[in-house]
Protein chains: 2
Amino acid sequence: MKLATLKSTTSKSARDGELIVVSRDLRRALRVPHIAATLQQAVEAWDELSPRLNDVYQALNEGKADEAFDLDMQTLHSPLPRTYHWADGSAYLNHVQLVRQARNAEMPETFWRDPLMYQGGGDSFLGPYDDIEAISEDHGIDFEGEIAVITDDVPMAVTPEQAADHIKLIMLVNDVSLRGLIPGELAKGFGFFQAKPASSFSPICVTPDELGDAWQDGRVHLPLTVHLNGEKFGEPEAGPDMIFNFPQLVAHAARTRHLGAGAVVGSGTVSNPDANGGPGKPITDGGVGYSCLAEVRMVEKILHGDSRTPFMRFGDRVRIEMFDRDGTSIFGAIDQQVVKYNS
Amino acid sequence: MKLATLKSTTSKSARDGELIVVSRDLRRALRVPHIAATLQQAVEAWDELSPRLNDVYQALNEGKADEAFDLDMQTLHSPLPRTYHWADGSAYLNHVQLVRQARNAEMPETFWRDPLMYQGGGDSFLGPYDDIEAISEDHGIDFEGEIAVITDDVPMAVTPEQAADHIKLIMLVNDVSLRGLIPGELAKGFGFFQAKPASSFSPICVTPDELGDAWQDGRVHLPLTVHLNGEKFGEPEAGPDMIFNFPQLVAHAARTRHLGAGAVVGSGTVSNPDANGGPGKPITDGGVGYSCLAEVRMVEKILHGDSRTPFMRFGDRVRIEMFDRDGTSIFGAIDQQVVKYNS
């Protein structure tokens, strides 16, 4: 099943949008106010409502949904325009190792057993086509291509095996990051805050079964495709190098607290080492490239002594999407331009 | 104006409860579904709805509200049972200095200019009388008595002066902390996560004008009273030692992102140095005591070489409240027992 959220201009639903069911080919959609007004409502009563949503989905795919309309991706918000819990892991340890290597620091051995995860702000996500408003290019504006899952209610202290059953939907993320603010914030010891402004998500979220064989071991075994200003920048494989799978990440988030339905848990930046185990190569050098600028800059620093690729400038555009093995877009694309914020 | 949220058992409002207006003396209350079903709805349209809520409040105080009922504090949830944004500062630098001093580390000079703040999980707050469920006493279970504000929509990059106008409500917090998990999490560099399980808030939240002269310079100039197992444990003054005021904390949280209405921003553990500038003394030694166990343990370590006061055990109870200069409770009390969580 594929779901999405229409942006809405009526004051009643402006903050959460309107839930729609989307056809498998992303061409047609249907409003479902008689089932759930918002995606948040749907995940809060998922066991009861998802079979009814799925009936609509089947009818839509079979061309039997009378009220269906042609889907215009530009009308969509992130599937959850806001959430009560946004927790982002950093499960591709290749990314973490590169960060450390670039500053000559060892990665602690415990990182292989204990996931990195930060708590993000969930109150005002960007839509998948919304501009990324930034105050200054000096903040080191970067994208991070990731995958995330949406859960229903997760009890405290679940095992990863139990957590797996609470993963209801999957989507892509652009975890916008302000690299210039990270060192100062991490030095304070309280984690990211200003360095992680509003994230955005793919216009479509899908149930795990939509991924078929590509959803295995709690991971998405497909490449994540990233374009920067129209040039392919990366297509790293999201599966094999994800050291902690999504059930493990959800269990980590729930270790000492209950997670409320609609919790979003992210994978961290998708990242592959090179086939020889060294730093990944750019697309132009025959590698799989990257899903964030920080990584190519770290690789440049390791190889050449300095970073050459700049962070994003006002007017730069990033596009993040994922195709199935037949080349069909699964989630639609995140496609955003960076603009100067005028307060 | 004083507002609160009734716990609700109907499925429709179980997660957000029912907004009520509470009389100044906390004795009487009134449902207001014709104005706003939940506090979240009220803060999302505050300019429009707060005058109507205030009319109810005046009638209630004058004994003219026909549908009013006697308020039973035990029926209340935290004012916002969940929120899209929970950001907690650490504005009482005396607390931070003690933490550092106890481990022989200097506090960076920048801490006087740049607030410490962490992003918390807002999806499942505890009610003010709910048990604190914990997996293990070995986690170092602690309370933190704090003050917090609720904002309406705050635009990105507001100044502290502008942020002041977005502070709509004030309440108390118990920022439950698992001290045993903090060193490991901070060492990873991503901030608190498992070490900060669900927080709870005072049953009543109030508009700043309710504090009269005690609300000055964006601070609450009253002592915070904390009891541990029925013994007074602390009554530190919340005003003078709060190095960053609430407008500064809100502006810090909003520096690179918009804050959605209902954002909760906390002060951090209320903490006073001793009159001679040294570590604060316990109540039993004539001091103002503390609003968390970690602090008395740090003081003990500094003075005696080791910490003597234990963290909370299953069955221990903490009570956090604030009285006006006439001895009347402003926000009602947070009063919670620690119990073992059975998954």
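Residues numbered from 1 in each chain as written. Chains lettered and ligands numbered in written order. Predicted model: local features only at pLDDT ≥ 70, side-chain atom pairs only at ≥ 80, totals over all residues. Heavy atoms only, no water.

Looking now at the interface of chain A and chain B. When the parts come together, some accessible area is lost, and that loss is often what is quoted as the size of the interface. The interface of chain A with chain B comprises 54 residues on the first partner and 54 residues on the second. Interface area for chain A against chain B, summed over the two sides, is near 5100 Å², with a carbon-plus-sulfur share of 52%. Our enumeration of links across chain A and chain B arrives at ten salt bridges. Two residues, Arg15 of chain A and Asp153 of chain B, come together in a salt bridge whose shortest N-O distance is 2.6 Å. (Contact = heavy atoms within 4.5 Å. Buried area = accessible area lost by both parts, 1.4 Å probe. Salt bridge = Lys/Arg side-chain N within 4 Å of Asp/Glu carboxyl O.)

All names here are of chain B. Tracing the sequence through the fold places Leu6 in strand E1 (residues 2-6). Judged by relative accessible area, which is 5%, Leu6 ranks as buried. Sequence spacing of Leu6 and Arg31 is 25 residues, and the spatial spacing of their C-alpha atoms is 8.9 Å. Beyond its immediate sequence surroundings of up to four residues, Leu6 is in contact with Gly17, Glu18, Ile20, Arg31, Phe69, Thr75 and Leu76. (Helix = DSSP H or I, 4+ residues; strand = E, 2+ residues; numbered from the N terminus. Buried < 20%, exposed > 50% of the residue type's maximum accessible area, 1.4 Å probe, protein only.)

So, on to the UniProt feature "domain: Fumarylacetoacetase-like C-terminal" (unreviewed entry) in chain A. Using the residue numbers shown here, the UniProt feature "domain: Fumarylacetoacetase-like C-terminal" (unreviewed entry) corresponds to residues 85-338 of chain A. Helix and strand shares over residues 85-338 of chain A are 17% and 24% respectively, and the end C-alpha atoms of the span are 25 Å apart. (UniProt positions renumbered as here; feature names shortened; annotations may be inferred.)

Moving on: unusual backbone geometry. It is generally the case that most residues other than glycine have a negative phi and that most peptide bonds are trans. All names here are of chain B. Residue Ala157 is not a glycine yet carries a positive backbone phi of 65°. The topology assignment puts Ala157 in the loop between strand E10 (145-151) and helix H4 (160-164). Judged by its relative accessible area of 27%, Ala157 falls in the partly exposed class. Even without a glycine there, the phi angle at Asp217 is positive, about 55°. On the secondary structure map, Asp217 appears in the loop between strand E15 (215-216) and strand E16 (219-220). Among the residues examined, Asp217 registers a relative accessible area of 55% and is labelled exposed.

Right, let's get into the sheet that holds strand E20 (residues 317-322) of chain B. Residues and elements named next belong to chain B. In spatial order, the strands read E8-E21-E20-E17-E18; together these five strands make up an open sheet with mixed pairing. The outermost strands of the open sheet, each flanked by one partner alone, are strand E8 (132-134) and strand E18 (231-234). Neighbour-to-neighbour, the strand axes of this sheet turn through a mean angle of 25°, independent of strand direction. Across three bridges, the pairing between strand E17 (residues 224-228) and E18 is antiparallel. Along E18, the bridge assignment pairs Leu228 with Glu231. (Pairing = 2+ DSSP bridges. Axes fitted to C-alpha atoms, helices over the stretch in contact; angles between N-to-C directions.)

So, on to the side chain of Glu295 of chain B. By secondary structure assignment, the location of Glu295 of chain B is in helix H7 (residues 293-304). Ignoring sequence-local partners within four residues, the contact set of Glu295 of chain B consists of Asn94, His95, Leu98, Thr269, Ser271 and Tyr290 of chain B.

This part covers the pattern of salt bridges. Counted under the stated rule, the structure contains 52 salt bridges over all chains. A salt bridge links Asp130 of chain A to Lys7 of chain A; its shortest N-O distance comes to 2.5 Å. With Asp130 of chain A in the loop between strand E7 (117-120) and strand E8 (132-134) and Lys7 of chain A in the loop between strand E1 (2-6) and strand E2 (18-22), this residue pair connects regions lying 123 residues apart in the sequence. Since its relative accessible area comes to 37%, Lys7 of chain A is described here as partly exposed. Here Asp335 of chain A ties to Arg317 of chain A by a salt bridge, and the two come within 2.8 Å at their closest N and O atoms. Of this pair, Asp335 of chain A sits in strand E21 (residues 334-340) while Arg317 of chain A sits in strand E20 (residues 317-322), placing them 18 residues apart in sequence. The buried category is assigned to Asp335 of chain A, whose relative accessible area is 12%. When salt bridges with common partners are traced through the structure, they connect Arg15, Asp16 and Arg82 of chain A together with Glu44 and Asp153 of chain B into a single cluster.

Turning our attention to the packing of helix H3 (residues 93-102) of chain B against H7 of chain B. Residues and elements named next belong to chain B. It is at 9 Å that the axes of H3 and H7 come closest, and there the two elements cross at 45°. Taken as axis vectors, H3 and H7 run oblique relative to one another. Remark: the crossing between H3 and H7 carries left-handed chirality. Taking contact as the criterion, the partners of Asn94, His95, Leu98, Val99, Gln101 and Ala102 in H3 are, on H7, Glu295, Met298, Val299, Lys301 and Ile302. Considering only residue class, the contact of H3 with H7 consists of six nonpolar, three polar and two charged. (Parallel < 35°, antiparallel > 145°, perpendicular 65-115°, else oblique. Left-handed = near helix turned anticlockwise from the far one by under 90°. Nonpolar A, V, L, I, M, F, W, Y, C, P; charged D, E, K, R; others polar.)

Before going further, it helps to examine the relation of the copies chain A and chain B. Both copies of the chain are placed relative to one another by a rotation about an axis and a shift along it. Turning chain A through 180° and shifting it by 0.0 Å along the axis lays it on chain B, with an RMSD of 0.0 Å. Such a combination of rotation and displacement between the chain copies is what one expects of a two-fold axis. A symmetric contact is evident, with 100% of the interface residues of chain A recurring at the interface of chain B. (Least-squares fit on C-alpha atoms with pLDDT ≥ 70 in both.)

Right, let's talk about the pairing of strand E6 (residues 86-89) of chain A for a bit. Residues and elements named next belong to chain A. Judged by which residues are buried, E6 turns out to be covered on both faces: Trp86 and Asp88 on one side and Ala87 and Gly89 on the other are all buried. The sheet contact formed by E6 and strand E19 (residues 264-266) spans three bridges and is parallel. Across the sheet, the residue bridging to Ala87 is Val265, located in E19.

Our focus in this paragraph is the pairing of strand E11 (residues 167-174) of chain B. All names here are of chain B. Summarising burial for E11: eight of the eight residues are buried, a large majority. Relative to E11, E10 is paired through seven bridges, and the arrangement is antiparallel. Among the inter-strand pairings, Ile150 is bridged to a residue of E11, identified as Leu169.

To continue, consider H7 of chain B. Residue and element names in this part refer to chain B. In this model, H7 (twelve residues) spans 16 Å end to end at C-alpha, consistent with the 16 Å of a helix rising 1.5 Å per residue. Taken residue by residue, H7 has Leu293, Ala294, Glu295, Val296, Met298, Val299 and Glu300 as its buried positions. Of the surrounding secondary structure, the elements contacted by the buried residues of H7 are H3, strand E9 (141-142), E17 and E18. (Expected span 1.5 Å × (residues − 1).)

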